[in-house]
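# Chains, contacts and geometry: an overview
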Amino acid sequence: MPLLSSSKLSMESRKEDGEGTAPALPQKKLSCQCHHHCPEDSVNSTCSTDGYCFTIIEEDDSGGHLVTKGCLGLEGSDFQCRVRKCWLPEYCLDFDGFQLKCSQWILKWSCTQFLFIWKKVAEGIQDSSHFILQNRVLTVSLGILQVQRTIAKQIQMVKQIGKGRYGEVWMGKWRGEKVAVKVFFTTEEASWFRETEIYQTVLMRHENILGFIAADIKGTGSWTQLYLITDYHENGSLYDYLKSTTLDTKGMLKLAYSSVSGLCHLHTEIFSTQGKPAIAHRDLKSKNILVKKNGTCCIADLGLAVKFISDTNEVDIPPNTRVGTKRYMPPEVLDESLNRNHFQSYIMADMYSFGLILWEIARRCVSGGIVEEYQLPYHDLVPSDPSYEDMREIVCIKRLRPSFPNRWSSDECLRQMGKLMMECWAHNPASRLTALRVKKTLAKMSESQDIKL
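Residues numbered from 1 in each chain as written. Predicted model: local features only at pLDDT ≥ 70, side-chain atom pairs only at ≥ 80, totals over all residues. Heavy atoms only, no water.

By the naming in an unreviewed UniProt entry, the chain is receptor protein serine/threonine kinase, taken from Pavo cristatus. As its UniProt record puts it under Subcellular location (unreviewed entry), the chain is described as follows: "Membrane". For the record of the chain, the UniProt heading Sequence similarities (unreviewed entry) holds the text "Belongs to the protein kinase superfamily. TKL Ser/Thr protein kinase family. TGFB receptor subfamily." (UniProt positions renumbered as here; feature names shortened; annotations may be inferred.)

### Structural notes on the state of the cysteines
The final tally for this structure, using the stated rule, is one disulfide. The side chain of Cys34 participates in a disulfide bridge whose partner is Cys38; the two sulfur atoms lie 2.1 Å from each other. Taking the torsion about the S-S bond as the criterion, the Cys34 to Cys38 disulfide, at about 105 degrees, is right-handed. For Cys34, a relative accessible area of 5% puts it in the buried group. (Disulfide = S-S within 2.5 Å. Buried < 20%, exposed > 50% of the residue type's maximum accessible area, 1.4 Å probe, protein only.)

### Overview of the pairing of strand 17 (residues 306–309)
Residue alternation in strand 17 divides its side chains into two sets, Val306 and Phe308 and Lys307 and Ile309, and both sets are buried. Sheet analysis places strand 14 (residues 278–280) next to strand 17, joined by three bridges and oriented antiparallel. Bridged to Ile279 within strand 17 is Lys307. Relative to strand 18 (residues 314–316), strand 17 runs antiparallel, the two sharing three bridges. Residue pairing in the sheet places Ile309 in a bridge with Glu314 of strand 18. Between strand 17 and the antiparallel strand that follows it, strand 18, lie four residues; Asn313 among them carries a positive phi value of about 55 degrees. (Helix = DSSP H or I, 4+ residues; strand = E, 2+ residues; numbered from the N terminus. Pairing = 2+ DSSP bridges.)

### Brief notes about the packing of aromatic side chains
Geometrically, a pair of aromatic rings is defined through the distance of the ring centres and the angle of the planes. The final tally for this structure, using the stated rule, is six aromatic pairs. A ring pair is formed by Phe308 and Phe343, whose centres lie 5.3 Å apart and whose planes are at 25 degrees; its orientation type is stacked. Here Phe343 lies in helix 7 (residues 343–363) and Phe308 lies in strand 17, a separation of 35 residues in the sequence. The buried category is assigned to Phe308, whose relative accessible area is 17%. A centroid spacing of 6.1 Å and a plane angle of 40 degrees characterise the contact between Phe404 and Trp425, whose relative ring orientation is tilted. Placement of Phe404 in the loop between helix 8 (388–397) and helix 9 (412–424) and of Trp425 in the loop between helix 9 and helix 10 (435–448) is noted, with a sequence separation of 21 residues between them. Classification of Phe404 as partly exposed rests on a relative accessible area of 31%. You can call Trp425 buried: its relative accessible area is 5%. (Phe/Tyr/Trp six-rings, centres within 6.5 Å; stacked < 30°, edge-to-face > 60°.)

What follows is the structure, given as structure tokens:
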């Protein structure tokens, strides 16, 4: 049953969900079938609303389904638990003589419930004053979620491979293939929700973004587990990889180019019927980048990501108490001067962090038979677990940055890498390079070295 909570499903929030470009809802009332949620003025198990029809399908203890149907008002209706949204492609439907063109579905999944809301579209409805949502419509949307839940149930957990402030990472097996299962602490539900939402953004898939497989909530009345299932990469994080591996020039450029390619895709807005918003990561570091078998990288951990809604010029910031990693925070975050309402601020903050990652990679590239041991950025300037004040003093007040080994000046490729990272971690955000510019520069460097990426 729908329950009230603090968040509002208002016109403003729907714009943030990408509804700003959809045709306006007609003013006429929509008639919906109702069951277990019929208002007092309902007639023949139907109700009227200026908003949406909804159906909730809950899984009961015996594995069966409990169905609740009813009307959801245009303003002021919401649900107790957080939800994720995913848009299905547009298509045409014809139900009982009513033509519905260019229909869209909102699929919301909350606390082991399936909630389906049909959004009216003004164009193409012959008689919008009386349109009853049929049960058989729901099976279209149900398939996506059922597939994800089926996958989650089929996974065999093999061994724990990592642990962090958000929860644990396990290597699991699904149909004989290895997968990674991120199990979030219940206190990190906001991170799970945001990461699941971002991974399922339209046109999000990219070879340099960690491949999403499924998400699920498993629980009883007393405990809940939040699962995020992704591709498994046995090399682990870039941090782990650099600690144990030295690089030649090709290996260095491959890691750097593939990482910035993923970041570039994340930062880029794609304009189309089913477009992709620009997304900023907000917690870029070597531990949040994974290394594939072929020596290329993919970006992971999107629990802090923010989206830019260009239609309304708004920044969609997750309701998340978690913050980024202090060691990788740019000066404008450390001194709290970052403009939170300006999306480009988050993009430029990512570029500062990426400059530090380039430094980590370049130190492990052998030149003249010499290579430095792996170290975190600012390892020689701050404690192993630095405070905000430690970082603020070094980065903002003293304006120090990681130092370059002398050998870089005698190697053209490492010299150019040094120049690149300096332009990424500039104190002034407006002076920093974009991901696209870094990508193009690395491509030119590879070409000049006769290296195919």
